[in-house]
Amino acid sequence: MPTLSVNVDHVATVRQARGGKNPDPVAAALLAELAGADGIIVHLREDRRHIQDRDLEVLRKVVKTKLNLEMANTEEIVQIALRVKPDMVTLVPERRQELTTEGGLDVLGQQTSLKPNIARLKKAGIRVSLFIDADPRQVKASKGAGADLVEIHTGKYADAPDEESRKKEFFRIARAISQAHRLGLRINIGHGLDYQNVAPFTALSPIEDYSIGHSIIARAVLVGLDRAVREMKELITRK
Ligand code: PXP
């Protein structure tokens, strides 16, 4: 059965809008767990635009499911990960001007900087996932770089302008999942998944975890986090 990890970055985005204490992403994480989330995800960005160091520290102490830290492959953030020890990290590309993570990691082009840090993180007992596009070269390079998992980027699928290109993206993702599985990698998916577009993925296997943030937090503003998480969990586990 696939699992659902809830990204609570956008709870912190609302808090940072006023620079105070509310709403607290830690409270959101606990409520998400109570509603059935199987994991909590935060992205500690280099510019600290939403999640703060304090959030990560407190989450490490209170998350009872699985804490997945999204992070750039930089020495500062690697050091933080090694100290805080989330259950797993997902390495993502990061650019200051972007609204959210835009493309997958270029594992092929960055083997030299990725390999040693993946090894350091794994040695500390942290599972390492690489966020990549559904590109066979990147899947292969992820295996070569020593990753435990890959998270296949579903952004292009989510943003597809028409049904035909959406189908094309879906099959590209399906092929990447099969390839990663054959290579012995575990597979997560995420980015841009919402209540309208997530259902087709239940036909693919093996998907271990769905990483979903914006759509759940956006729905939570209107219907409450408990219901928003339950409704998404129901969609991804429905057969
Ligand atoms: N996976 C990765 C690697 C991401 O960077 C993000 C966005 O923080 C997500 C999943 C979640 O994307 P969304 O907020 O669109 O659900």
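You'll find the structure just up there.
Residues numbered from 1 in each chain as written. Predicted model: local features only at pLDDT ≥ 70, side-chain atom pairs only at ≥ 80, totals over all residues. Heavy atoms only, no water.

Draft legend 1. Spotlight on helix α9 (residues 214-223). Looking only at α9, the buried set comprises S215, I216, I217 and A220. Tucked inside the fold, the buried residues of α9 contact β1 (3-7), α1 (9-16), β8 (209-212) and α10 (225-237). After α9 finishes, the residue G224 shows a positive phi value of roughly 100 degrees. (Buried < 20%, exposed > 50% of the residue type's maximum accessible area, 1.4 Å probe, protein only. Helix = DSSP H or I, 4+ residues; strand = E, 2+ residues; numbered from the N terminus. Contact = heavy atoms within 4.5 Å.)

Draft legend 2. Quick peek at unusual backbone geometry. Cis rather than trans, the peptide bond between N22 and P23 has omega equal to -10 degrees. Backbone torsion omega between S205 and P206 reads 0 degrees, so that peptide bond is classified as cis. Inspection of the secondary structure puts P206 in the loop between β7 (186-190) and β8. Positive phi, close to 50 degrees, is recorded for R48, a residue that is not glycine. Along the chain, the position of R48 falls in the loop between β2 (39-43) and α3 (53-62). The phi dihedral of H191 falls on the positive side, at around 110 degrees, and the residue is not glycine. Looking at the element boundaries, H191 is found in the loop between β7 and β8. Classification of H191 as partly exposed rests on a relative accessible area of 23%.

Draft legend 3. Structural context of the sheet that holds strand β5 (residues 127-132). Pairing is parallel around the closed barrel formed by eight strands, whose spatial order is β1-β2-β3-β4-β5-β6-β7-β8. With direction set aside, neighbouring strand axes in the sheet form an average angle of 25 degrees. For β2 and strand β3 (residues 67-71), the ladder comprises four bridges, and the chain directions are parallel. If you follow V42 over to β3, its bridge partner there is L69. (Pairing = 2+ DSSP bridges. Axes fitted to C-alpha atoms, helices over the stretch in contact; angles between N-to-C directions.)

Draft legend 4. Fine view of the nonpolar core. Core analysis: the biggest nonpolar cluster contains 71 residues, and L130, I152, F201, Y210 and I216 have the highest contact counts within it. Once residues within four sequence positions are removed from consideration, I216 is found in contact with L4, V6, Y195, L225, A228, V229 and M232. (Core = buried A, V, L, I, M, F, W, Y, C linked by side-chain atoms within 4.5 Å.)

Draft legend 5. Structural view of the packing of helix α5 (residues 111-123) against helix α6 (residues 136-145). The interhelical angle for the contact between α5 and α6, taken along N-to-C directions, is 45 degrees, at an axis separation of 9 Å. Taken together, the axes of α5 and α6 lie oblique to each other. For the pair formed by α5 and α6, the contact residues are Q111, K115 and I118 on the first element and A141, G144 and A145 on the second. Grouping the amino acids of the contact of α5 with α6 by side-chain chemistry returns three nonpolar, two polar and one charged. (Parallel < 35°, antiparallel > 145°, perpendicular 65-115°, else oblique. Nonpolar A, V, L, I, M, F, W, Y, C, P; charged D, E, K, R; others polar.)

Draft legend 6. Representation of the pairing of β2 within the structure. Of all five residues in β2, five are buried, a share of seventy percent or more. Side chains G39, I41 and H43 of β2 all project onto a buried face; the interleaved residues I40 and V42 project onto the opposite face, where all are buried too. Two strands pair when backbone bridges link them, and β1 and β2 are joined in this way by three bridges, in the parallel orientation. Note on β2: the bridge partner recorded for V6 is I40.

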